[in-house]
Amino acid sequence: MRAYRFTLLLLIVWLEGCGYVGPVLPPSPRTPLAITNLSVIERGDQLIVSCTLPQHTSDDLFISTFSKIDLGAGPDVSPFDFAQWSDQAKHYAVPTPPPIDQTSPPTAIEYRIPVSAWEGKSVDIFIRTADKDSRFSSWSNRVHLDVIPSLASLQVTAKDVRQGVLLSWPEEQPGAHYDVYRKGPNDKAPVKIGTAEHKDYLDTTSLYETPYEYTVIAAKGPAESVASTPVEITTHDTYAPSVPRSITAIAAANSIEVTWERSPESDLKGYYVYRSTDGGPFERIGNLVNVPSYSDHAIQAGKTYRYRVSAIDILNHESDKSPATAAITVQ
């Protein structure tokens, strides 16, 4: 009897030490959350699939290791029917990334499918993952893609011209357009500077004596080419300003007023005015002027004066002289 009472006492003490005993919980299904940011782009001869892997299961447990990543691509079904798509889909086993810990950022993955496998077809693409117990998540967001023949990488040339840098390349497929990128000495990566609809592009924003690298990407719908091999060029200011236009000369009481259109060059320094008297040779008169007008007071009554104007840039390149304009002073 004493032994029985002692055993009972020990059991009561043990139960009190354990506290409340809750219901037995089932094991976690460890089902990863579905991927929601799947994207696919046709670049060159590859379909590039990318997304970010989930970090937690549906019951909020951290995922350090994936056992499987299943990528499915199948012909488009319209109206879309998942079961029908699944019956026709081709599955790709995407390599799983190394394990991570809870301090790591979400893992981004990328997978490439040859364009040749789906060229000329409309395709729907999904992806799903499995945790270590191989229980798959739901399928991701759907990506629909019309796969066209591959766009080839362009062969680009760059030429120094008066207006800037002229880029040229062979025409691609009908309906393609071309995105132009430039990398200057202070750029960490190429910067898109414009789009061309045809096989050339004029960069009027380039600066003299500055090295640039240009690349061009052909694009058509959701497809694009691989970026062209960078072409390097440094332009030099060997060009004179454009010839001044619309020269007029009007005789006043004590002067002849000469005017012309302002030259468009950003590096313009000014203008020189040349004069011919009664059919004689043209000679430069006055000093450099920085406005598109000149008042000639050194005139005589009854003479015919003809004027021509040239433009000068900051490197002292002088344009050709403008066509002549004449004015006759009153006697």
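Note that the structure is a prediction, hence the values are computed from the model and not measured.

*Asks:* Pulling in residues and values, what's your account of the nonpolar core?
*Replies:* Judged by nonpolar contacts, the single largest core of 24 residues is most densely connected at Leu47, Leu71, Trp118 and Ile127. Where this core is concerned, the elements lending two or more residues are β2 (46-52), β3 (68-75), β5 (108-114), β6 (122-130) and β7 (143-146).

*Asks:* Any chance you could break down empty space enclosed by the protein for me, citing the residues and the numbers?
*Replies:* With the rule as written, the count across this model stands at one cavity of 30 Å³ or more. In this model, the largest cavity occupies a volume close to 60 Å³. The residue makeup of the lining of the largest cavity, split by class, is seven nonpolar, four polar and no charged.

*Asks:* Quick one: what's the story with the pairing of strand β12 (residues 200-203), residue by residue and with numbers?
*Replies:* Of the two faces of β12, only the one carrying Tyr201 and Asp203 is buried; Asp200 and Leu202 on the other face are not. Bridge analysis of strand β9 (residues 164-168) against β12 gives four bridges, and the strand direction is antiparallel. Paired with Leu166 across the strands is Leu202, a residue of β12.

*Asks:* A description of the pattern of salt bridges should follow, citing residues and the corresponding values.
*Replies:* Applying the stated criterion across every chain, the model contains ten salt bridges. In this structure, Asp76 and Arg142 form a salt bridge, with 3.0 Å as the shortest nitrogen-oxygen distance. Here Arg142 lies in the loop between β6 and β7 and Asp76 lies in the loop between β3 and α2 (82-88), a separation of 66 residues in the sequence. Looking at Asp76, the relative accessible area reads 28%, which means it is partly exposed. A salt bridge links Arg112 to Glu110; the shortest N-O distance between them is 3.0 Å. Overall, Arg112 belongs to the partly exposed group, its relative accessible area being 45%. If you follow the salt bridges from partner to partner, you end up with Asp76, Asp124 and Arg142 in one network.

Criteria and thresholds
- Throughout, residues of each chain are indexed from 1 in the direction in which the sequence is written.
- Given that the model is predicted, a residue must reach a pLDDT of at least 70 before its local features are reported, and side-chain atom pairs must reach 80 or more before they are shown or counted; all residues, however, enter totals for whole chains, interfaces and linings.
- Here the side-chain values reflect all heavy atoms present in the structure, with hydrogen atoms and water set aside.
- We define the nonpolar core as a collection of buried residues of types Ala, Val, Leu, Ile, Met, Phe, Trp, Tyr and Cys that are connected through side-chain atoms lying within 4.5 Å of one another.
- Whether a residue is buried, partly exposed or exposed follows from its accessible area with a 1.4 Å probe, protein chains only, as a fraction of its type maximum: under 20%, in between, or over 50%, in that order.
- By definition, any uninterrupted DSSP run of H or I lasting at least four residues is a helix, any uninterrupted run of E lasting at least two residues is a strand, and each is numbered from the N terminus.
- Using protein atoms alone on a 1 Å grid, points that fit a 1.4 Å probe yet trap it form a cavity, whereas open point sets bounded by protein on both sides within 12 Å along at least five of seven lines form a pocket; residues with an atom within 4 Å of a point count as lining.
- Grid points are joined across faces, edges and corners, and a volume is the space filled by probe spheres set on the points.
- Three classes are used, and their members are as follows: Ala, Val, Leu, Ile, Met, Phe, Trp, Tyr, Cys and Pro are nonpolar, Asp, Glu, Lys and Arg are charged, and the others, Gly among them, are polar.
- Here, strands pair whenever DSSP counts at least two bridges between them.
- Each reported salt bridge corresponds to a side-chain nitrogen of Lys or Arg within 4 Å of a carboxyl oxygen of Asp or Glu.

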